[in-house]
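This is what each chain is made of:
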Amino acid sequence: MDKCVMTLPVLLLFLGLVVMSQSCLEPASAYRFTGAVCRLTYPAAVVLNEKTTKVIQAAFQHAKYPSISNEKSILFVGKVKYGLANVNVGHSVDFEIDSHIDLGINPKLYCGKGKVAADTSDCYLTFHKLDLLLQGDREPGWLKRLFTNFITFTVKLVIKSQICKEINNVANILADFIQERAEQFLSDGDISMDIGVTSAPVITSNYIESYHKGLAKYNNMTAVINESVFDPSQLTDDRMLYFWISDEVFNPLITAAHQDRCFVLNISGLELTELFKTNLSTPIPEFLSQFLSSEEPVLRVWSVSVPHLWTTPMGTYVRAVAAAELTSGAEDIPGLYFEMEMVVVVTASYAKKKLILIATTSQISIMKDSLSTDTLQMVEAHIEYLKEAVEKIGVPKVISKLEPSLTALLDKQGTNLFDLIEPQVVSQDGFVIIQTDFAFPHHLLVEFLRKTLE
């Protein structure tokens, strides 16, 4: 099919974003409960329209048509009774379609029974030309041709009815398919996300916009969002796709990750000794040199309490209290344990299918009350060295571990299979905007069609 209105393919994919919800409010009332927003703009609709025609073709071929029976009066022949059973495109009765087909859908989105759904009953299908070939006979005799001409009109009506029903069916299948992929994308281990909608989507001439809860779930606990700062004016329609994400989405995720012991880093052996070869403004203390040259030195770092995040136009600030513990296999080398409080400003970008994080330490302090009396005497004169080491060695090392780990997590969920074009992460007060252009993820279409036609 060469010609389809823009609204249908966009609707089919967009249905995947408007998933189960316990209640649906008017958009303005729902904003403060909204953790994430997705805006799909007109340029994206053009791309989707070009690619998802295959979904419509699948519906056309997958539709099951009822049997047709009638009788017609044929000049010089008399009344002829006819019947067509098991009418299927591409099987016992072949429909060869030349020129274009006009398929139009006037979808209506509504919110009810705990979900947002689509009504595609306002549907039309126009054949500019349709040839009905019986048993693949491409050169029928005049009587067979006369007969097929009589029943073609009836066949068109049946096909139109069934295709429009099948489009609605495919929309529901695709919605479930994309919802399943989205939930997988936002899950990792025991941490998952409720992406149900808070309001019915809004459709304008420039974009379609959906509003989602974005509630982290962990250990049978679900986060609560009731102070979101979303407003539609915060998004534009210059790019193809926008994701608006509240700080109230990130902080519960960080809490769950902390409770799941995700923020733990162990470094040992050559990797550890090489790390401390970084040039700092002051020489390395003697006690630390002895430790690094001892047998089996190990550095373990972890979050002591739940980190807190807040976003500004300067970037995303993270305040954390972390512990560092140095241990050695040598009994005569004392260990070292201390805690530190720091504030780090992080900016993120995504290029060449890799997540890039840039972190700047804005505040750091060694918490002396975490030091034992013996340790305090040993390191008190070297507090400034430890602070500089944390800033110039520790933070960059943590970031260097986070980047590939988070990229691998994104790849595991299939992000690397998308052709994202110049993605940008824009930080604002209380939220982050991810905006990008994209090429349609063909692999998802192939997988969907495979599952649909099985």
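- Where an unreviewed UniProt entry is consulted, the chain appears under the name Cholesteryl ester transfer protein, with the organism given as Oncorhynchus tshawytscha.
- Quoted verbatim from the Sequence similarities (unreviewed entry) field of the UniProt record, the comment on the chain reads "Belongs to the BPI/LBP/Plunc superfamily. BPI/LBP family."

**A look at the overall build of the chain**
Link 1 in the chain: When you go through the chain residue by residue, the secondary structure sums to eleven helices and 24 strands.
Link 2 in the chain: Expressed as a percentage of the 454 residues in the chain, the buried residues total 44%.
Link 3 in the chain: The long-range fraction of contacts in the chain, counting pairs at least 24 apart against all pairs at least 6 apart in sequence, stands at 70%.
Link 4 in the chain: By element, 54% of the accessible surface of the chain is carried by carbon and sulfur atoms, the whole surface being about 23400 Å².

**Points about a nonpolar patch on the surface**
Link 1 in the chain: A cluster of nonpolar side chains, Val398, Leu402 and Leu406, forms an exposed patch at the surface whose accessible area comes to about 190 Å².
Link 2 in the chain: By the secondary structure assignment, Leu406 is in helix H10 (residues 383-412).
Link 3 in the chain: Take Leu406: its relative accessible area is 33%, and that puts it in the partly exposed class.

**Some details on the sheet that holds strand E2 (residues 36-41)**
Strands belonging to one sheet form pairs held by backbone hydrogen bonds; the direction of such a pair is parallel or antiparallel.
Link 1 in the chain: Strand order across the open sheet formed by six strands is E12-E13-E2-E16-E24-E23, with antiparallel pairing between neighbours. The open sheet has two edge strands with one neighbour each: strand E12 (197-203) and strand E23 (419-428). Each strand axis lies, on average, 15 degrees off the axis of its neighbour in the sheet, ignoring direction.
Link 2 in the chain: Set on the sheet, helix H6 (residues 247-259) makes contact with E2, strand E16 (241-246) and strand E24 (431-439); between it and E16 the angle comes to about 60 degrees.

**Things to note about the pairing of E24**
Link 1 in the chain: Taken together, the six bridges between E16 and E24 define a ladder with antiparallel strand orientation. In the sheet register, Phe243 faces E24, and the bridge partner there is Ile434.
Link 2 in the chain: Linking E23 back to E24 in an antiparallel pair, the connection comprises two residues, with Gly430 at a positive phi of about 90 degrees.

**Observations concerning H10**
Because each turn of an α-helix spans 3.6 residues, side chains separated by three or four positions end up pointing in the same direction.
Link 1 in the chain: Taking 1.5 Å of rise per residue, the 30 residues of H10 would be expected to cover 44 Å, and the 41 Å separating its terminal C-alpha atoms lies within 8% of that figure.
Link 2 in the chain: At Val390, H10 is deflected by roughly 40 degrees, the largest bend along its length.
Link 3 in the chain: Of all the residues in H10, the buried ones are Ile383, Tyr385, Leu386, Glu388, Ala389, Val390, Ile393, Val395, Lys397, Ile399 and Thr407.
Link 4 in the chain: At its buried positions, H10 is contacted by strand E17 (264-268), helix H7 (269-275), helix H8 (286-292), strand E21 (336-351), strand E22 (354-367) and helix H9 (373-379).
Link 5 in the chain: Of the residues trailing H10, Gly414 is marked for its positive phi of about 100 degrees.

**Focus on the nonpolar core**
Link 1 in the chain: Among the nonpolar cores identified, the biggest contains 37 residues, and Phe276, Leu288 and Met340 are the most heavily contacted of them.
Link 2 in the chain: Elements that contribute at least two residues to this core include exactly E17, H7, H8, strand E20 (315-327), E21, E22 and H10.
Link 3 in the chain: Take this core: its biggest share by element is eight residues, from H10.
Link 4 in the chain: When sequence neighbours within four positions are dropped, the list of residues in contact with Met340 reads Ala320, Val321, Ala322, Ala323, Ala324, Ser365, Ile366, Met367 and Val390.
Link 5 in the chain: With nine residues, the next largest nonpolar core counts Phe230, Tyr242, Trp244 and Phe431 among its residues.

**Description of the environment of Val345**
Link 1 in the chain: Topologically, Val345 is positioned in strand E21.
Link 2 in the chain: Note on Val345: relative accessible area 12%, which makes it buried.
Link 3 in the chain: Distance in space between the C-alpha atoms of Val345 and Arg319 is 8.9 Å, their sequence separation being 26 residues.
Link 4 in the chain: Once residues within four sequence positions are removed from consideration, Val345 is found in contact with Met314, Gly315, Thr316, Tyr317, Ile358, Ala359, Thr360 and Ser362.

**Details of the sheet that holds strand E11 (residues 192-194)**
Link 1 in the chain: A sheet is described by the order of its strands in space; here three strands give the open sequence E11-E14-E15, paired in antiparallel fashion. The sheet is open, and its two borders are formed by E11 and strand E15 (221-222), each paired with just one other strand.
Link 2 in the chain: Where E11 meets strand E14 (residues 215-218), three bridges bridge the pair, whose relative direction is antiparallel. Considered in E14, the bridge of Met193 is made with Ala216.
Link 3 in the chain: The strands touched by H6 are E11 and E14; relative to E14, the strand with the most contacts, the crossing angle is about 15 degrees.

**Thoughts on the packing of aromatic side chains**
Link 1 in the chain: Considering all chains together, one arrives at seven aromatic pairs under this definition.
Link 2 in the chain: Residues Trp302 and Tyr337 carry aromatic rings whose centres are separated by 6.1 Å and whose planes lie at 40 degrees to one another, so their mutual orientation is tilted. Remark: Tyr337 occurs in strand E21 and Trp302 occurs in strand E18 (residues 298-303); sequence separation between them is 35 residues.
Link 3 in the chain: Overall, Trp302 belongs to the buried group, its relative accessible area being 17%.
Link 4 in the chain: Given a relative accessible area of 27%, Tyr337 falls into the partly exposed group.
Link 5 in the chain: Members of the aromatic cluster, joined through ring pairs, are Tyr31, Tyr211, Phe230, Trp244 and Phe431.
Link 6 in the chain: The ring centre of Tyr207 lies 3.7 Å from the NZ or CZ of Arg39, which sits over that ring.

**Examining H6**
Link 1 in the chain: With 13 residues, H6 extends 18 Å from end C-alpha to end C-alpha; this agrees with the ideal 18 Å at 1.5 Å per step.
Link 2 in the chain: If you check which residues of H6 are buried, you get Asp247, Val249, Asn251, Ile254, Ala256, Ala257 and His258.
Link 3 in the chain: The N-cap of H6, judged by a side-chain oxygen 2.9 Å from the amide nitrogen of Glu248 a few residues on, is Ser246.
Link 4 in the chain: Arg261 lies just past H6 and shows a positive phi near 60 degrees.

**Points about the pattern of salt bridges**
Link 1 in the chain: Within this structure, the stated rule accounts for eight salt bridges.
Link 2 in the chain: Linking Asp194 and Lys213 is a salt bridge whose minimum nitrogen-to-oxygen distance equals 3.7 Å. Of the two residues, Asp194 sits in strand E11 while Lys213 sits in the loop between strand E13 (207-212) and E14, which places them 19 residues apart along the sequence.
Link 3 in the chain: The class for Asp194 is partly exposed, based on a relative accessible area of 22%.
Link 4 in the chain: The exposure class assigned to Lys213 is buried, which follows from its relative accessible area of 15%.
Link 5 in the chain: In this structure, Lys401 engages Glu271 in a salt bridge whose closest nitrogen and oxygen atoms are separated by 3.1 Å. On the criterion of sequence distance, the pair formed by Lys401 in helix H10 and Glu271 in helix H7 is long-range, its members being 130 residues apart.

Conventions adopted
Residues numbered from 1 in each chain as written. Predicted model: local features only at pLDDT ≥ 70, side-chain atom pairs only at ≥ 80, totals over all residues. Heavy atoms only, no water. UniProt positions renumbered as here; feature names shortened; annotations may be inferred. Helix = DSSP H or I, 4+ residues; strand = E, 2+ residues; numbered from the N terminus. Buried < 20%, exposed > 50% of the residue type's maximum accessible area, 1.4 Å probe, protein only. Contact = heavy atoms within 4.5 Å. Areas by Shrake-Rupley, 256 points an atom, 1.4 Å probe, with all protein chains shown as cover. Patch = residues over 30% accessible without salt bridge, like charges linked within 9 Å, V, L, I, M, F, W, Y side chains within 5 Å. Salt bridge = Lys/Arg side-chain N within 4 Å of Asp/Glu carboxyl O. Pairing = 2+ DSSP bridges. Axes fitted to C-alpha atoms, helices over the stretch in contact; angles between N-to-C directions. Expected span 1.5 Å × (residues − 1). Bend = angle between axes of the 7 residues up to and from the residue. Core = buried A, V, L, I, M, F, W, Y, C linked by side-chain atoms within 4.5 Å. Phe/Tyr/Trp six-rings, centres within 6.5 Å; stacked < 30°, edge-to-face > 60°. Lys NZ or Arg CZ within 6 Å of the ring centre and 35° of its normal. Polar contact = N/O pair within 3.5 Å; in protein donor to acceptor, adjacent residues only side chain to side chain.

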